[in-house]
Amino acid sequence: MLPTIEDKPVYVNRMFARIAPTYDLMNRLMTFGQDQTWRREMLAYANVPPRGTLLDVGTGTGDIAYMAMQQNPTIQAVGSDFTYEMMEAGVGKVPGVPLPFAQADTYTLPFPDNTFDAVVSGFLVRNVVDRVAAFREMARVTKRGGRVVCLETTPPSNSVLGPLFRLYFFQIVPFVGSIVARDRQAYAYLPHSTVAFPPPGELAHLMERAGLQNVFYVERMLNSVAIHVGTKLA
Ligand SMILES: C[S@@+](CC[C@H](N)C(=O)[O-])C[C@H]1O[C@@H](n2cnc3c(N)ncnc32)[C@H](O)[C@@H]1O
């Protein structure tokens, strides 16, 4: 169900290219509209100052970057992603908010060191193979004192709700994906990649290994998603 490490970048790129047209709709359906609440909260943690700059890595259709510019029109956000079709689906999505997109791999962001007041990613890190390298690159383009914030799904715990989540994630989500996106495979990848993803405490350590400091996280939706926050100190 999951691609090999060698195949993963091409597999992920092709998968998002296929599901781009229905990506936003599936997000709203799968999360009962909660995904936008989490994006709002992650932006609060990003703490971008007025007239500040924000990079949204793995921006997809740009939801996080658009939201940042709508919340505060003095902020300049940029969205980067390696899947052209996702960004194409996002161009002009929010009338009057001209969001620039850049096609780029997470490991080699086309920006100088210390460029952005904050760098955020939503549901990206699960898709990359070398997570420490990805966070290190995000930290590189963040200004000193700025934050790197990551919103991601977390593996279901063995608590009493675990079986419920498994049923929802492994059966219902792929079924809805097969109807709405006409792509069961893509929405079966989601639960499998989530189960294989490190739990929040481990992810926090990976961010520290990438050089970020004061790392902390909060969990939401019965611990099925987490927001991690790290700071690039001087
Ligand atoms: C699940 S989508 C998230 C989109 C958006 N951030 C959101 O909140 O909905 C993951 C995105 O990460 C992108 N992505 C995955 N691996 C990447 C990589 N190595 N470099 C750049 N983008 C990548 C995919 O193309 C996809 O658009």
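The sections below set out a description of the structure shown in this document. Here the structure is a predicted model, which means the values were calculated and not measured. (Residues numbered from 1 in each chain as written. Predicted model: local features only at pLDDT ≥ 70, side-chain atom pairs only at ≥ 80, totals over all residues.)

Here the focus is the sheet that holds strand 1 (residues 53–57). Strand order in this open sheet of 7 strands is 3-2-1-4-5-7-6, and the pairing throughout is mixed. Each edge of the sheet is formed by a strand with only one pairing partner; in this case those strands are strand 3 (101–103) and strand 6 (213–220). Neighbour to neighbour, the strand axes of the sheet diverge by 20° on average, direction disregarded. Both strand 2 (residues 76–81) and strand 3 contribute to a ladder of 3 bridges, which runs parallel. (Pairing = 2+ DSSP bridges. Helix = DSSP H or I, 4+ residues; strand = E, 2+ residues; numbered from the N terminus. Axes fitted to C-alpha atoms, helices over the stretch in contact; angles between N-to-C directions.)

Further remarks concern the packing of helix 3 (residues 34–46) against helix 4 (residues 63–71). Direction vectors running N to C along helix 3 and helix 4 enclose 65°, while the axes themselves pass 10 Å from each other. For the pair helix 3 and helix 4, the crossing hand works out as right-handed. For the pair helix 3 and helix 4, the contacting residues are Arg39, Arg40 and Leu43 in the first and Asp63, Ile64, Met67, Ala68 and Gln71 in the second. Along the lines of polarity and charge, the residues of the contact of helix 3 with helix 4 split into 4 nonpolar, 1 polar and 3 charged. (Left-handed = near helix turned anticlockwise from the far one by under 90°. Contact = placed C-beta atoms within 7 Å. Nonpolar A, V, L, I, M, F, W, Y, C, P; charged D, E, K, R; others polar.)

Lining the immediate environment of the ligand, one finds 20 residues, of which Gly58, Gly60, Phe82, Thr83 and Gly122 sit closest. Those elements that place two or more of their residues in the shell around the ligand are helix 1 (8–19) and helix 4. Here the shell around the ligand takes 3 residues from helix 1, the largest share from any one element. In the shell around the ligand, the residues fall into 9 nonpolar, 8 polar and 3 charged. (Near = placed C-beta within 6 Å.)

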